[in-house]
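Take a look at the letters that make up each chain.
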Amino acid sequence: MRPILMKGHERPLTFLKYNRDGDLLFSCAKDHNPTVWFADNGERLGTYRGHNGAVWCCDVSRDSMRLITGSADQTAKLWNVQTGQQLFTFNFDSPARSVDFAVGDKLAVITTDPFMELSSAIHVKLIARDTSDQTGDSILVIKGPQGRINRAIWGPLNKTIISAGEDAVIRIWDSETGKLLKEADKESGHKKTITSLAKSADGSHFLTGSLDKSAKLWDARSLSLIKTYVTERPVNAVAMSPLLDHVVLGGGQDASAVTTTDHRAGKFEAKFFDKILQEEIGGVKGHFGPINALAFNPDGKSFSSGGEDGYVRLHHFDPDYFNIKI
Amino acid sequence: MALSETAGPVPVAHNPSQPVKLRWGELDEDDGEDLDFLLPPRQILGPDENGIKKVIEYKFNEDGNKVKITTTTRTRKLANARLSKRAVERRSWAKFGDAVHEDVGSRLTMVSTEEILLERPRAPGSKAEEPKVAGDPLAQFQKGAVLMVCRTCGKKGDHWTSRCPYKDLAPPIEGFVDKPAASEAATAASGPAKGAYVPPGMRAGAERTGSDMRRRNDENSVRVTNLSEDTREPDLLELFRPFGAVSRVYVAIDQKTGMSRGFGFVNFVNREDAQRAINKLNGYGYDSLILRVEWATPRAN
């Protein structure tokens, strides 16, 4: 395959997200402008201007009309996807790290970093259908975990919130009361910071990637460990194919060590694993920095990766990918 | 663009006793090789005006009974299956933000000049023959190149076989571990097992004499004759393993020439497995020869 290279960002990529139809690709980077691209040919549709810090995460509503972004400028913003217009700004007292729309797009979960003696927190916000009714009040604030919460997503039926972060523990919270329901087993769980978390297409299980050089597959209801995928470098990004039983892990050596070593030693590949057999299928090379973001097109026929090098690489699979046998 | 889509095959008749994990010995393609001509030909009905297509196939199940399988599929024409209406609409959205004033020469989006391949850790196909069943004792013959593969539980890179935590739970495997080692010692012939290192602790059988070996339990013993000269124990194990747990494989080797004498024995743990293997493999074409597989006649003593 010949990947499409998209150089719209000046700084390292942080997050990638496809809309539900798989025709738009949203990219976030440490420069201040989240960007939307056409996912088939990589043409830039527009940028969302208004943030004043690194943008860590984004999510798009099911109807592809609203975009929510979380940024280090201590805000999360709602955008009109089509025009790039800012609809609303949620202000926090610390950087917003992760955002996720609930099923139905009526709620959003936003996590904030520990900052200036403030501990990290998970905020649940009501998203009004009409922007003029939108308020910034949190309907629920969950505090407790030490250190940064790198990802918080909605569990099945919006009943739970699944969070993971620097303390390497995955937690499931009740999304109504904020009560801690489950905590991942310390023995089988990750040993270092969890950097990424990706839900399966049906939401029944999810994949976490960690700096302990492994990715783990968990049941979204029982929080039982299903599979472990081991690689030889820290995992910064994970994605699951909605079509085949494949998972993709992206990572590489620590960004601070990149300039001091040969690019071949960095192992900046997107590694494909068989989801069930936990065997490595192959690697896709190309980035010359660690991979920070990965996303699968909802049709499973293409995926994109975003690197520390500032590039988004959009890969449309060759036909023979679909008949790979282990 | 118009695409046709298959709306879920509906198996009408299905063999319920089929296990979830297919071993190659039970695969349909292999079934057909020798018995296909006995079956009525495949019938395809339709597609009719509703796009309903029926495929009627006949197969032998593992008990040798004829099974009729009717697969009903519906083919639908989908307009614009790839792009939703709203995605098409989005295509014509006006550019915004920085994209409005994009220089023509900015070349933000480029197609890589380099062809990027999904690089396989092993050559494709080399892994294809690898058994997928964890803990398959056959693994030891083929995974020789992979470092640190536990032969007891099949785990990779976790521990050596001798340190396996499941050691006590595993079925005794010396039965066929010692044999290749013994034949290795006895002959200079080359076989697939030659590359695999057998640790000294596993070579218990090497001290045993040939007659000792022959005094083994002859229960569920299957005699295989008309083997090609190149056939070695691992090959035979590979052939018979899919039918069930094998406790011993033996290929008669000519002591002088080191060549196979063309027959061997396979012991099964379960008698049913042995019977199935006989049913399936008797008359099976293996290495350009027709195998003869039968119950080994009980020893006179």
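Residues numbered from 1 in each chain as written. Chains lettered and ligands numbered in written order. Predicted model: local features only at pLDDT ≥ 70, side-chain atom pairs only at ≥ 80, totals over all residues. Heavy atoms only, no water.

A.B. asks: Break down the overall build of chain A for me, with residues and values.
C.D. replies: Check the secondary structure of chain A and you find one helix and 28 strands. Counting all 326 residues of chain A, 62% fall into the buried class. Long-range pairs, those at least 24 residues apart, make up 43% of the contacts in chain A with a sequence separation of at least 6. Carbon and sulfur atoms provide 48% of the accessible area of chain A, an area that totals close to 12600 Å². (Helix = DSSP H or I, 4+ residues; strand = E, 2+ residues; numbered from the N terminus. Buried < 20%, exposed > 50% of the residue type's maximum accessible area, 1.4 Å probe, protein only. Contact = heavy atoms within 4.5 Å. Areas by Shrake-Rupley, 256 points an atom, 1.4 Å probe, with all protein chains shown as cover.)

A.B. asks: Describe the interface of chain B and chain A, naming the residues involved and giving the relevant values.
C.D. replies: Residue-level contacts link 32 residues of chain B with 48 residues of chain A. Of the roughly 3700 Å² buried at the junction of chain B and chain A (both faces included), carbon and sulfur atoms supply 50%. Summed over the three residues of chain B that lose the most area to chain A, namely Trp-93, Phe-96 and Leu-118 of chain B, the buried surface amounts to 20% of that side. For the pair chain B and chain A, the number of links is eight salt bridges. Note that Asp-21 of chain A and Arg-90 of chain B form a salt bridge whose closest N and O atoms lie 2.5 Å from each other. Of all the elements in the fold, those that place two or more residues in the side of chain B that touches chain A are helix 2 (85-91) and strand 6 (109-111) of chain B. (Buried area = accessible area lost by both parts, 1.4 Å probe. Salt bridge = Lys/Arg side-chain N within 4 Å of Asp/Glu carboxyl O.)

A.B. asks: Account for the sheet that holds strand 23 (residues 246-251) of chain A, with residues named and values stated.
C.D. replies: All names here are of chain A. Read across the sheet, four strands follow the order 22-23-24-25 without closing on themselves; strand pairing throughout is antiparallel. The sheet is open, and its two borders are formed by strand 22 (235-240) and strand 25 (280-284), each paired with just one other strand. The sheet shows a mean angle of 20 degrees between the axes of neighbouring strands, direction not considered. Relative to strand 24 (residues 270-274), strand 23 runs antiparallel, the two being bridged by five bridges. Each residue of the ladder has a partner; that of Val-247, found in strand 24, is Phe-273. (Pairing = 2+ DSSP bridges. Axes fitted to C-alpha atoms, helices over the stretch in contact; angles between N-to-C directions.)

A.B. asks: I'd like to hear about the environment of Cys-58 of chain A, residue by residue, with values.
C.D. replies: Residue and element names in this part refer to chain A. Counting through the fold element by element, Cys-58 comes out in strand 6 (residues 55-60). Under the relative-accessibility criterion, Cys-58 is labelled buried at 2%. Sequence spacing of Cys-58 and Leu-16 is 42 residues, and the spatial spacing of their C-alpha atoms is 7.8 Å. Residues within four places of Cys-58 in sequence aside, it is in contact with Phe-15, Lys-17, Phe-26, Cys-28, Leu-67, Ile-68, Thr-69 and Val-99.

A.B. asks: I'd like a rundown of the UniProt feature "repeat: WD" (unreviewed entry) in chain A, residues and numbers included.
C.D. replies: Here the UniProt-annotated "repeat: WD" (unreviewed entry) positions come out as residues 6-47, 48-89, 142-183, 187-228 and 284-314 of chain A. Along residues 284-314 of chain A one finds 0% helix and 52% strand; the C-alpha atoms at either end are 11 Å apart. (UniProt positions renumbered as here; feature names shortened; annotations may be inferred.)

A.B. asks: Give a description of the pairing of strand 21 (residues 225-230) of chain A that names residues and reports values.
C.D. replies: Residues and elements named next belong to chain A. As paired elements, strand 20 (residues 214-219) and strand 21 share five bridges and run antiparallel to each other. Along strand 21, the bridge assignment pairs Ser-214 with Val-230. Hairpin connection from strand 20 to strand 21: five residues lie between these consecutive antiparallel strands, with Leu-223 at a positive phi of about 55 degrees.

A.B. asks: Could you give an account of the packing of aromatic side chains, with specific residues and numbers?
C.D. replies: One pass over the full model with this rule turns up 18 aromatic pairs over all chains. Aromatic pair Phe-272 of chain A and Phe-303 of chain A: ring centres 5.3 Å apart, planes at 80 degrees, arrangement edge-to-face. Taken together, the residues Phe-272 of chain A in strand 24 and Phe-303 of chain A in strand 27 (residues 302-307) connect sequence positions 31 residues apart. In terms of burial, Phe-272 of chain A and Phe-303 of chain A fall into one category: buried. An angle of 35 degrees between the planes, with centres 5.9 Å apart, marks the rings of Phe-296 of chain A and Phe-303 of chain A as tilted. Phe-303 of chain A gets classed as buried once you look at its relative accessible area, which sits at 1%. Lying across the ring of Trp-56 of chain A, Arg-97 of chain A places its NZ or CZ 4.0 Å from the centre. Here Arg-271 of chain B stacks its cationic end above the ring of Trp-295 of chain B, 4.2 Å away from the centre of that ring. (Phe/Tyr/Trp six-rings, centres within 6.5 Å; stacked < 30°, edge-to-face > 60°. Lys NZ or Arg CZ within 6 Å of the ring centre and 35° of its normal.)

A.B. asks: How would you summarise the pairing of strand 7 (residues 221-225) of chain B if you had to cite specific residues and measurements?
C.D. replies: Strand residues, when the strand is regular, have side chains that alternate between the two faces of the sheet. Residues and elements named next belong to chain B. Counting buried positions over the five residues of strand 7 gives four, a clear majority of the element. The pairing of strand 7 with strand 9 (residues 260-268) spans five bridges and is antiparallel. Note on strand 9: the bridge partner recorded for Ser-221 is Asn-267. Of the strand pairs in this sheet, strand 7 and strand 12 (residues 292-295) are connected by four bridges, and their pairing is antiparallel. Within the sheet, the bridge partner assigned to Val-222 lies in strand 12 and is Trp-295.

A.B. asks: I'd like a description of the sheet that holds strand 27 of chain A, backed by residues and values.
C.D. replies: Ordered by their spatial adjacency, five strands build an open sheet running 26(A)-27(A)-28(A)-1(A)-6(B), and the pairing between neighbours is antiparallel. Each edge of the open sheet carries a strand with a single partner, namely strand 26 (291-296) of chain A together with strand 6 of chain B. For this sheet the average axis-to-axis angle between neighbouring strands, irrespective of direction, equals 20 degrees. Bridge count between strand 1 (residues 4-6) of chain A and strand 6 of chain B: three bridges; the pairing is antiparallel. Within strand 6 of chain B, the residue paired with Met-6 of chain A across the bridge is Thr-109 of chain B.

A.B. asks: Lay out helix 8 (residues 271-281) of chain B in plain terms, naming residues and giving numbers.
C.D. replies: Residue and element names in this part refer to chain B. Every buried residue of helix 8 is accounted for by Asp-273, Ala-274, Arg-276, Ala-277, Ile-278 and Leu-281. Summarising the contacts, the buried residues of helix 8 are in contact with strand 7, helix 7 (233-240), strand 9 and strand 12. In the stretch just after helix 8, Gly-283 is the one whose phi turns positive, near 85 degrees.

A.B. asks: For the side chain of Thr-69 of chain A, give the residues involved together with the corresponding values.
C.D. replies: Residue and element names in this part refer to chain A. Locating Thr-69 in the fold gives a position in strand 7 (residues 66-71). Given a relative accessible area of 0%, Thr-69 falls into the buried group. A polar side-chain atom of Thr-69 sits 2.6 Å from a polar atom in the side chain of His-51. Those residues in contact with Thr-69 that sit more than four places away from it in its chain are Pro-34, His-51, Val-55, Cys-57, Cys-58, Thr-75, Ala-76, Lys-77, Trp-79 and Val-99. (Polar contact = N/O pair within 3.5 Å; in protein donor to acceptor, adjacent residues only side chain to side chain.)

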